[in-house]
Each structure stands twice: as structure tokens, then as C-alpha cells.
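# Coordinates in review
The residues making up each chain are set out below.
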Amino acid sequence: MIQLLTPTHWKDYELIDCGDFEKLERFGNIILIRPEPQAVWNKTLPASEWQRLHHIKFKGRSATSGEWLKKDPKTPDRWHIEYKNKEAAIKFRLGLTSFKHVGIFPEQAVNWDYISQNIKRFKTPDPKVLNLFAYTGGASLIARAAGADTTHVDSIKQVVTWANENQEISGLKDIRWVVEDALKFVKRELKRGKKYNGIILDPPAYGNGPNGEKWKLEDNITEMMRDVTQLLEPEEHFLILNTYSLGFSSVIVENLIKSSFPQVQNLEIGELYLQATAGPKLPLGVFGKFHKIKSN
């Protein structure tokens, strides 16, 4: 059964409307207009309402850059928001980057809930969690806040620094920060005989490691899945594979997991989306996840 899941615990985030390749969204008390390639339908709210509500709009200049246009120049470039579920609470520093991103992917809250729920259910004391392609650390923060010994791996030093800042404002400590190509790190951990109770992968369609290593999702994901499943602690574990790549279906993710880990239990596959207050659902990637909890 393919699931359709959307976050249910957000208070500091709201997708207000989406359409005509844009989205209108609230982060805390600041409302942004950003490009959204998936929103191929018409907007629900009139253009006048979008214009009235927003504080800042991103205007793209090229495929990789653009500028933020503020209605009021006093609107800050950086601000904080909080995410809280039944198990943990974390905070993020958001910022207007040179591209359209602000430092968080709100739909990932669905996966954060799965992470914290499983960590709290584990019988293993101080379970070890590995977050690969970890960006600004939402999954790392929630794992640490739920009590896991957490390792955060990303190839870009600036976003690891950003994640560390999020750790500080969340009142957390002792996340292990690693700036490295994810595939190289996994192979080294295998050689060391390391094991993890939880592994999170949110790989990009394309990417580069710190030393020029090339990542292409369809070329490298099978090798990555074969390696990371060998890192899983056999008695008690969870794994999340999340992809945001146009044309990548949840059935592909299901096949990847089953071929890499034939003994999989409690497998769930599906699609993440954000529910706009105005009505539309915005699809934002597919996932596969599974867990095993000790019976005794």
C-alpha cells in the first residue's frame, strides 16, 4: 500500500497556497513567495491576496541564483522557528540564501516523527543514528533530542556549520559533525566494522563531494543502499530513504530497499506532501522506511 503523508505537528510553518510554479508559505511570522516546479496547476487564492500577504519574494535570475525582494527593508534576513512533536522539540535558524532555500524542508517533519518515535521505542541504550546528506540537520537534531548518539554527514562545510548553529539554539550538544562525501564515509565505516541503529538518507538528484566526488542519484543509489544496509544493527534498527527527484517513484524506492535488504520488516513506502490551507496538496518527494524493534 502506497501511503500519502503530510506533517501534522507544525505550528511555525504553514503552506498557504501553491500554483503557477510558486508557493506562498509562512515560516514563523514571515511569509515568503518561492518558486515551486511541482506546482503546475493554477493558484487558488487571487494574485491580490498573494501580494497582500507576503513579506519577501524570491526572484530567480538563473538556475542556481536569484534575489530576495522585500516589501519592507526592515524584514530580517535571519530568524528562528521551532518544531515540536510528542517526543522532542528542536529549533532552526532560517536565512535567505543566494538560491531559493531558507535552511529547512518542512515536509521532512514526517520523517522526524518516525525517527523520534523509533528511538524512544528502542530497547538499545544510547542508540547510534547516522544522518547522510544531512543538510542543516533537522533529522540529526530530532535524533539527538530523542536520546540517540548521532553522527551528521554532509559534503558542504557551510551547511554543517549551519547545522551546528541549529544544535546550539536547540539546547543540544555532542552531535558528531563530519564534512565528507557520504559514500566514502559509509565505505570507511564498513571497514571499521561500525554498526548503527538508525540511518537516514535524503540524497540529492545531483551533488558534489568536498574533493570533487560526483553524486548522481540513479547511478549511485544502488551502491549506497547495498553499503548502508550492511551498517544496520541487525537486532534493532530503522532506515529512511527519502528522494526528491522528478520521475523517481515510491515503487523504485521499494525495489531498492527490498533488493538491498531482503530481510526487511515493517516496510512502508509512499509520497510526502504539504497540505495548503487554500486546498491543494503539494507533492515533495517519495520515501521508503522500515524498522525492527527488539522483542524482549
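Residues numbered from 1 in each chain as written. Predicted model: local features only at pLDDT ≥ 70, side-chain atom pairs only at ≥ 80, totals over all residues. Heavy atoms only, no water.

Attention now moves to the side chain of Asn242. Mapped onto the secondary structure, Asn242 falls in strand β15 (residues 237–243). Taking relative accessible area as the criterion, Asn242 reaches 2% and is therefore assigned buried. For Asn242, the side chain forms a polar contact with the side chain of Gln108, separated by 3.5 Å. Ignoring sequence-local partners within four residues, the contact set of Asn242 consists of Gln108, Asn111, Leu201, Asp202, Pro203, Leu272, Val286 and Phe287. (Helix = DSSP H or I, 4+ residues; strand = E, 2+ residues; numbered from the N terminus. Buried < 20%, exposed > 50% of the residue type's maximum accessible area, 1.4 Å probe, protein only. Polar contact = N/O pair within 3.5 Å; in protein donor to acceptor, adjacent residues only side chain to side chain. Contact = heavy atoms within 4.5 Å.)

Turning our eyes to something else, we now look at the packing of aromatic side chains. Applying the stated criterion across every chain, the model contains 13 aromatic pairs. For the pair Trp10 and Trp112, a centre-to-centre distance of 6.1 Å together with 65 degrees between the ring planes defines the contact as edge-to-face. With Trp10 in the loop between β1 (2–5) and β2 (13–19) and Trp112 in helix α2 (residues 109–121), the pair connects residues that are 102 residues apart, well separated along the chain. Seen from their ring centres, Phe92 and Trp112 are 5.4 Å apart, and the 25 degrees between their planes marks the pair as stacked. Here Phe92 is found in strand β8 (residues 89–95), whereas its partner Trp112 is found in helix α2, with 20 residues between them in sequence. An identical accessibility class is assigned to Phe92 and Trp112; each is buried. Here the aromatic cluster, defined as three or more aromatic residues joined through ring pairs, consists of Trp10, Tyr13, Phe27, Tyr83, Phe92 and Trp112. We note Lys43 situated over the ring of Trp50; from NZ or CZ to the ring centre the distance is 4.1 Å. Residue placement shows Lys289 over the ring face of Phe287; its charged tip is 5.0 Å from the ring centre. (Phe/Tyr/Trp six-rings, centres within 6.5 Å; stacked < 30°, edge-to-face > 60°. Lys NZ or Arg CZ within 6 Å of the ring centre and 35° of its normal.)

What follows deals with unusual backbone geometry. Phi is positive for Phe21, which is not a glycine, with a value near 65 degrees. In this structure, Phe21 sits in the loop between β2 and β3 (22–27). Accessibility expressed as a relative area gives 48% for Phe21, which makes it partly exposed. A positive phi angle, close to 55 degrees, is found at Phe133, a residue other than glycine. Inspection of the secondary structure assignment puts Phe133 in the loop between β9 (128–132) and α3 (138–145).

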